[in-house]
Amino acid sequence: MKLLEEKILQEGEVLGEDILKVDGFINHQIDVALMEELGRDMAEHFRGQGVTKVFTIESSGIAPALFTARELGLPLVILKKQNAKNLGTKVWQTEVVSYTKDISYQLTLAKNYISDSDHVLIVDDFLANGEAATGAVRLIRKAHATVAGLGVLIEKAFQPGRKKLESQGIHVYAQASIKGFQGGKVVF
Ligand code: 5GP
């Protein structure tokens, strides 16, 4: 999407070899009007495919996922990275290793927010190594539900995420696809 690419060029900041900082409009401060527009586009891409719920992974995926769910008229479920005590014991869990942050966590979903008849759209901010999204797919499949696809705002196409997801039969839609970083600049 031109709109997102322009925003990335204007406000994104390349950190080191492979990180794009988007704190000013996605991760820390949120450009609400932009998120609404992206949510609308995301919803259009997946409309008519029998999606029953939108899932995201806390916390940066929440804003675009919320607008996507609103547009599709569906519930939004937030997969938890922290094992909150009040979720109880009736949960699906899977371990996710975050290479970006060099930590691992138990991705957690309460069993009462998914059923075997659900067809789930996963929405997240970034697709990099694909570990977070693959964890979400594992949880959905543990619950015998199906995955409609993965929608991300930004894909770093030079990292293996898309390949990993597609090899599991998951359709990936990226609103901006970054080919690489050259001299501290983003190349689409
Ligand atoms: P994964 O490597 O599992 O695909 O990425 C996991 C998560 O790391 C993404 O959902 C995103 O929150 C974060 N992430 C990965 N790459 C970047 C990046 O270049 N910039 C920012 N801001 N977050 C990233």
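Everything discussed here concerns the structure shown above.
Residues numbered from 1 in each chain as written. Predicted model: local features only at pLDDT ≥ 70, side-chain atom pairs only at ≥ 80, totals over all residues. Heavy atoms only, no water.

Caption draft 1: Just the site of the ligand, in detail. The environment of the ligand is formed by 15 residues, the closest being Leu 20, Ala 128, Asn 129, Gly 130 and Lys 156. Between the ligand and Glu 131 there is a distance of 3.0 Å, counted from an oxygen atom to a backbone nitrogen or oxygen. Out of a free accessible area of 510 Å², the ligand has 89% covered by protein chains. The pocket occupied by the ligand, as judged from atoms lying within 2 Å of grid points, is the largest pocket. (Near = heavy atom within 4 Å. Polar contact = N/O pair within 3.5 Å; in protein donor to acceptor, adjacent residues only side chain to side chain. Areas by Shrake-Rupley, 256 points an atom, 1.4 Å probe, with all protein chains shown as cover. 1 Å grid on protein atoms, 1.4 Å probe; cavity = no way out; pocket = protein on both sides within 12 Å on 5 of 7 lines; lining within 4 Å. Sits in = over half its atoms within 2 Å of the grid points.)

Caption draft 2: Broad picture of the pattern of salt bridges. In this structure the tally under the stated criterion is 11 salt bridges. In this structure, Glu 11 and Lys 7 form a salt bridge, with 2.9 Å as the shortest nitrogen-oxygen distance. With Glu 11 and Lys 7 both in helix H1 (residues 2-11), this residue pair falls four residues apart, about one helical turn. Residue classification places Glu 11 among the partly exposed positions, given a relative accessible area of 39%. In this structure, Glu 71 and Arg 47 form a salt bridge, with 3.9 Å as the shortest nitrogen-oxygen distance. Residue Glu 71 is found in helix H4 (residues 62-72), and its partner Arg 47 is found in the loop between helix H3 (32-46) and strand S3 (53-57); the two are separated by 24 residues along the sequence. Note on Glu 71: relative accessible area 31%, which makes it partly exposed. What makes Arg 47 partly exposed here is its relative accessible area of 38%. (Salt bridge = Lys/Arg side-chain N within 4 Å of Asp/Glu carboxyl O. Helix = DSSP H or I, 4+ residues; strand = E, 2+ residues; numbered from the N terminus. Buried < 20%, exposed > 50% of the residue type's maximum accessible area, 1.4 Å probe, protein only.)

Caption draft 3: Inspection of the nonpolar core at higher detail. Ranked by internal contacts, the top residues of the largest apolar core, which has 30 residues, are Leu 4, Ile 8, Leu 20, Leu 153 and Ile 154. Of all the secondary-structure elements, those providing two or more residues to this core are H1, helix H2 (23-27), H3, H4, strand S7 (119-127), strand S8 (146-156) and strand S9 (172-178). Ranked by residues supplied to this core, first place goes to H3 with six residues. Excluding residues that lie within four positions of it along the chain, Ile 154 makes contacts with Leu 4, Ile 8, Leu 20, Val 22, Ile 26, Asp 125, Phe 126, Leu 127, Ala 176 and Ile 178. Among the nonpolar cores identified, the runner-up in size contains 26 residues, and Tyr 105, Val 137, Val 147 and Val 172 belong to it. (Core = buried A, V, L, I, M, F, W, Y, C linked by side-chain atoms within 4.5 Å. Contact = heavy atoms within 4.5 Å.)

Caption draft 4: Looking closely at the layout of surface pockets. Of the voids in this model, the largest pocket is the one considered here, and its volume is about 680 Å³. Residue lining of the largest pocket: 29 residues in total, with Lys 81, Thr 100, Lys 101, Asp 125 and Phe 126 positioned closest to the centre. Residue assignment for the lining of the largest pocket shows that the elements contributing at least two residues are strand S2 (19-21), strand S5 (91-98), strand S6 (103-110), S7 and helix H5 (131-142). In terms of residue class, the lining of the largest pocket is made up of 13 nonpolar, eight polar and eight charged. (Points joined across faces, edges and corners; volume = space filled by probe spheres on them. Nonpolar A, V, L, I, M, F, W, Y, C, P; charged D, E, K, R; others polar.)

Caption draft 5: Focus on the sheet that holds S9. As summarised here, the arrangement of the five strands in space is S4-S3-S7-S8-S9, forming an open sheet in which the pairing is parallel. Either end of the sheet is taken by a strand with one partner, and the two such strands are strand S4 (76-79) and S9. Direction aside, neighbouring strands of the sheet carry axes that sit 20 degrees apart on average. Contacting S3, S4, S7 and S8, H5 crosses the sheet at an angle of about 165 degrees to S7. (Pairing = 2+ DSSP bridges. Axes fitted to C-alpha atoms, helices over the stretch in contact; angles between N-to-C directions.)

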